[in-house]
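Understanding the architecture of this molecule
So you can see what is in the structure, the chains are spelled out below.
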Amino acid sequence: MAREAGVSVAGRMWARREVRRRPVALVSLGLLAGLAAAVALASIAGARRTDDAFERLRRATDAADAVVFASQVDVIDPDWAPVAALPYVAAAGSFGLGPISVVDAPPGVDPVESGVFDVAFGDWQTEVDRPVLSEGRLPDPSDPHEVLAVKGSNPAVGVGSRFTLQRPSDEQLAAGDFWAPPEGPTIDVEVVGIGRSAFEMAVIPDDTPPGEVREGAELMATPAFHEQFAAPAMFINNLLVRFEPGQADIERLEADVRRILDKPEMPILDAVAVSKRVTNGTALETRGLLLFGLAVALAGVVLVGQALTRSVRAGADDLTPLRALGFAQRDAAIALALPHLVPIATAAIVAVAVGIGLSVLFPIGLGRQIDPDVGLHADWPVLLLGAGLLVAVLAIAIWSTAWREAGRHHRPAAVRDSRLVRALRNAGASVVTTTGAQMALEPGRGQRALPTRPALAGAVLGVLGVVGAFTLSAGIDDAISNPSRIGANWDIEVQAASPEALDVMPEVLDATDQGGDVVASAMTNRALLVIDGLTLPTYSLAPRKGDMGFTTLEGRQPVRPGEIALGPDSARGYGVGVGDQVTVRPQGDDREIPLTVVGIALLPTTPHSSFDQGAFVTDEELHALVGDAPPTGDGLTPPIVPTYLASVREGASAGAVSDAITEAGEGALEAGPATRPIDLVNLSNVRALPVLFAVFTIVLAIGTLAHVSASVVRRRGHDLAVMRVLGLTPRQTRFALSWQATTVALIGLVIGLPIGLLVGRASWRWVAESTPMLYVAPLGLLAVLLVVPVSLLMANLLALWPGRQAARLRPAEVLRTE
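So, how was this worked out
- Residues numbered from 1 in each chain as written.
- Predicted model: local features only at pLDDT ≥ 70, side-chain atom pairs only at ≥ 80, totals over all residues.
- Heavy atoms only, no water.
- Helix = DSSP H or I, 4+ residues; strand = E, 2+ residues; numbered from the N terminus.
- Buried < 20%, exposed > 50% of the residue type's maximum accessible area, 1.4 Å probe, protein only.
- Contact = heavy atoms within 4.5 Å.
- Areas by Shrake-Rupley, 256 points an atom, 1.4 Å probe, with all protein chains shown as cover.
- Salt bridge = Lys/Arg side-chain N within 4 Å of Asp/Glu carboxyl O.
- Axes fitted to C-alpha atoms, helices over the stretch in contact; angles between N-to-C directions.
- Left-handed = near helix turned anticlockwise from the far one by under 90°.
- Nonpolar A, V, L, I, M, F, W, Y, C, P; charged D, E, K, R; others polar.
- Expected span 1.5 Å × (residues − 1).
- Polar contact = N/O pair within 3.5 Å; in protein donor to acceptor, adjacent residues only side chain to side chain.
- Phe/Tyr/Trp six-rings, centres within 6.5 Å; stacked < 30°, edge-to-face > 60°.
- Parallel < 35°, antiparallel > 145°, perpendicular 65-115°, else oblique.
- 1 Å grid on protein atoms, 1.4 Å probe; cavity = no way out; pocket = protein on both sides within 12 Å on 5 of 7 lines; lining within 4 Å.
- Points joined across faces, edges and corners; volume = space filled by probe spheres on them.
- Pairing = 2+ DSSP bridges.
- Core = buried A, V, L, I, M, F, W, Y, C linked by side-chain atoms within 4.5 Å.

So, the overall build of the protein chain
In terms of regular secondary structure, the protein chain is built from 27 helices and 21 strands. Sorting the 818 residues of the protein chain into buried and exposed places 54% on the buried side. Sequence separation of at least 24 residues holds for 82% of the intrachain contacts in the protein chain that already meet a minimum separation of 6. Carbon and sulfur atoms make up 59% of the accessible area of the protein chain, which totals about 35,100 Å².

Okay, here's the thing in structure tokens:
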């Protein structure tokens, strides 16, 4: 007992001496581990905040669960009170959009691209879809001259910006002339706040491409504005509904609204389902941040682990006198490990403190735009669990190294013989080649052991990470440069500005097709039909010039009556697939006609439906289902709405063609660029994440390979000296170290290259299927072509300095000191 107490006291005294002897090294080691862990934990916490950013925005804004688009069926001035009184409706409010034009705006803001919504009924902007402010305050509901600007509008718009609006004259209102330039009184409004809500982010998202500035501004006016200026001119009035908790039921709401407003078709937008326009992008950012955090953690484990191993071994030189005092292996291991409580404690404190500090940088990209509470945050589950895991990993690494070092005096380590080295010898490879391969693959024993396994693992992960990341990037780039992957097969959309414009449309479009800029065109018709109980936009497509169709993900397009294709989201909502049947109710008819699902297709993107929502039938079928139905309301919207779609030749300007169509139609036609799915913008926002992940895996590979290369001369100096005595020249010694690095790089390439391709393609398939879009297997050709020579070059560059040192060894001096 006395001996054990003495040994324990001696071990603690020795440990305290070690701490006093090298405090800076021990604290620095803890700082290095803590900083690496902090970056990893902050990234993982940022991923968690990104993942639930939109849901937190929905909660913060009391977001709507559904939007009743009465304007699509020409219900001009609905009485929303009975809908708001339904027992499962918690709050409701409508947004109005009338023919009130922005005629003057702050410098740099395009009035034509700006618009004004107002509160036409109920609790919109207060009890349902209440904005989160980034600047200023909410407008006073009783002040018609105060407005809120939507965050994401032109950057020139700020608190205090003034706009001039103009409404139609009384004569224009009486004549229903809403499309001519307004001639009525002007209205001055001032921006008092900048804010955003789930409605703007998901239902009417900003599709401005990255790097471009939004030209216009989106303004939200007050109930007082509606009453005083907009009510007489209102022709769009749509209701946002928030359900009581646990009572969300889109189908029930649609049935009740049909009954209340006496409309057989009534499109209801599921605001929760359509939020995938946003959450698809944040999901990609979430996974990117998780991978980034894991890459940092892995790099930290490898690099810090190597530093820890060296630190523990630095004290092993004193084990001989300690053993003379009676230290057993366990006692010696404890003595070696105790000083490293300092880096463990330092690392845990730094990881938590710096992790909290770094939280201000997350989320990134789209998640940051959405997050209603960006700033300093402490994700305690991640921080505490991460700190605990950090302490455990460091303790295990320190103890295992200390135990191994303490036992070397008693038990020599087993030598691991490499099959590849044996194969090289049997094949008659040169001594230089086999020596290099042996140093790369056989760790050795005792003080001469090399960290070969971490080096090989680092090389594999480096190649895997680079190839996988750039394969994923290739998929993203392919989708961005080929919008047809996501269903955008055309560059221009043309619609009639009024029912009377349908008469001039054929002549203008015929002239457009005959021009040299349009290479393909088609006419799509759109109608609202009740399919399996829900109103869906239903399209047909009639080619006019060239080859143009909707992108098909599964099956085929309908080619005969009785067939239908569905958007992926609609098919998922119905629970049907190719080969199943759905029932369609014709307009003005109570019959239910069965149609067979022959395909899953991507459809046009509109403000009222996403590209993966709706149905697609033949033109003959659509007209048969609509029949001779009258206009849906007061004659503004025909039962079948035609839209001209056209793609232009490479090098031609879609804007110039659109302007020519507008001019030829003398204002009767609305021509403009095709509406792109917001998912394309979201993909652009996350384009940098795979590259960032690749950078960290490269750092990991370089760090591990540099460590093993730098350790050769110190740990294998005796072996190299013996080989020099046996005839190995300095030049051959340098080549041996080059072959060591080359062997590690080659193994990394052989294993990492195919796995990286598989991982990158699997990642892109997940992105494509969840978006959804047409999956085309990506190939990061540039990365694949460059990774082989760059890996070999980098490995040999890292071996230059150790090779020079090895070549300058003096065998006599080395062997004399052994």
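Observations regarding the pattern of salt bridges
By the definition in use, this model includes 20 salt bridges. Between Arg-485 and Asp-478 there is a salt bridge, with its nearest N and O atoms 2.6 Å apart. The shortest N-O distance in the salt bridge between Glu-769 and Arg-765 comes to 3.6 Å. Here Glu-769 pairs with Arg-765, and both are found in helix H24 (residues 730–770), just 4 residues apart, close to one helical turn. Judged by its relative accessible area of 52%, Glu-769 is exposed.

A closer look at the packing of helix H2 (residues 23–51) against helix H14 (residues 380–407)
For the pair H2 and H14, interaxial distance at closest approach is 10 Å and the crossing angle is 145°. As for how H2 packs across H14, the hand of that crossing is right-handed. Where H2 abuts H14, its residues Ala-33, Ala-37, Leu-41, Ile-44, Ala-45 and Arg-48 lie against Pro-381, Val-382, Leu-383, Gly-386, Ala-387, Leu-390 and Leu-394. Looking at the contact of H2 with H14 residue by residue, the classes come out as 11 nonpolar, 1 polar and 1 charged.

Considerations on helix H8 (residues 250–261)
The end-to-end C-alpha distance of H8 is 16 Å, a good match for the 16 Å that 12 residues give at a rise of 1.5 Å each. Buried within H8 are the following residues: Ile-250, Leu-253, Glu-254, Asp-256, Val-257, Arg-258 and Leu-261. Put simply, Asp-249 is the residue that caps the front of H8, since its side-chain oxygen is 3.3 Å from the backbone nitrogen of Glu-251. Directly after H8, the chain includes Asp-262, whose backbone phi takes a positive value near 55°.

Regarding the packing of aromatic side chains
Taken as a whole, this structure holds 10 aromatic pairs when the rule is applied. When the centroid spacing of 5.7 Å and the interplanar angle of 50° are considered together, the rings of Phe-95 and Trp-124 count as tilted. Remark: Trp-124 occurs in the loop between strand S4 (115–122) and strand S5 (132–136) and Phe-95 occurs in strand S2 (residues 89–97); sequence separation between them is 29 residues. Relative accessible area serves as the criterion here: at 1%, Trp-124 is assigned to the buried category. Between Phe-550 and Phe-616, the aromatic rings sit 4.8 Å apart at their centres with planes inclined by 75°, giving edge-to-face as the arrangement.

Details of helix H7 (residues 223–230)
Inspection of H7 places Ala-224, Phe-225, His-226, Phe-229 and Ala-230 among the buried residues, and these make up the whole buried set. Buried-residue contacts for H7 involve S4, strand S7 (162–166) and strand S8 (186–196).

Observations concerning the packing of helix H17 (residues 452–481) against helix H25 (residues 781–798)
The interhelical angle for the contact between H17 and H25, taken along N-to-C directions, is 160°, at an axis separation of 10 Å. Judged by the inter-axis angle, H17 sits roughly antiparallel to H25. Seen from above, H17 lies across H25 with right-handed handedness. Where H17 abuts H25, its residues Val-463, Val-467 and Phe-470 lie against Ala-783, Val-784, Val-787 and Ser-791.

Some points on empty space enclosed by the protein
Here the structure, examined in full by the defined rule, presents 6 cavities of 30 Å³ or more. Roughly 70 Å³ of volume is contained in the largest cavity. Elements represented by at least two residues in the lining of the largest cavity include exactly helix H9 (276–314), helix H22 (678–685) and H24. Its residues placed into classes, the lining of the largest cavity shows 4 nonpolar, 5 polar and 1 charged.

Remarks on the environment of Thr-433
In this structure, Thr-433 sits in helix H16 (residues 431–441). With a relative accessible area of 14%, Thr-433 lands in the buried category. For the pair Thr-433 and Thr-742, spaced 309 residues apart in the sequence, the C-alpha separation amounts to 9.9 Å.

Here's the deal with the pairing of S4
Of the pairings in the sheet, the one linking S2 to S4 comprises 4 bridges and is antiparallel in character. Bridge pairing links Ser-94 to Phe-121 in S4.

What about the side chain of Thr-282?
Relative to the helices and strands, Thr-282 resides in helix H9. Since its relative accessible area comes to 3%, Thr-282 is described here as buried. Thr-282 has contacts with Thr-50, Leu-366, Gly-367 and Ile-370, leaving out every residue within four places of it along the chain.

A word on the nonpolar core
Counting residues in hydrophobic clusters, the biggest one holds 29 residues, and the most contacted among them are Leu-308, Leu-390, Leu-394, Ile-398 and Ala-402. Elements with a minimum of two residues in this core: H2, H9, helix H11 (329–337), helix H12 (341–358) and H14. Sorting elements by how many residues they give to this core places H14 first, with 8 residues. Excluding anything up to four places from it in sequence, Leu-308 contacts Leu-29, His-340, Leu-394, Ala-397 and Ile-398.

Structural notes on the pairing of strand S14 (residues 534–545)
Judged from the 11 bridges that link them, strand S13 (residues 518–531) and S14 form a sheet pairing that is antiparallel. Bridge pairing links Ile-531 to Leu-534 in S14. Counted between consecutive antiparallel strands, the loop separating S13 from S14 contains 2 residues, among which Asp-532 sits at a positive phi close to 50°. By the bridge criterion, 2 bridges tie S14 to strand S19 (residues 615–616) in an arrangement that is parallel. What sits directly across from Tyr-539, in S19, is Phe-616.

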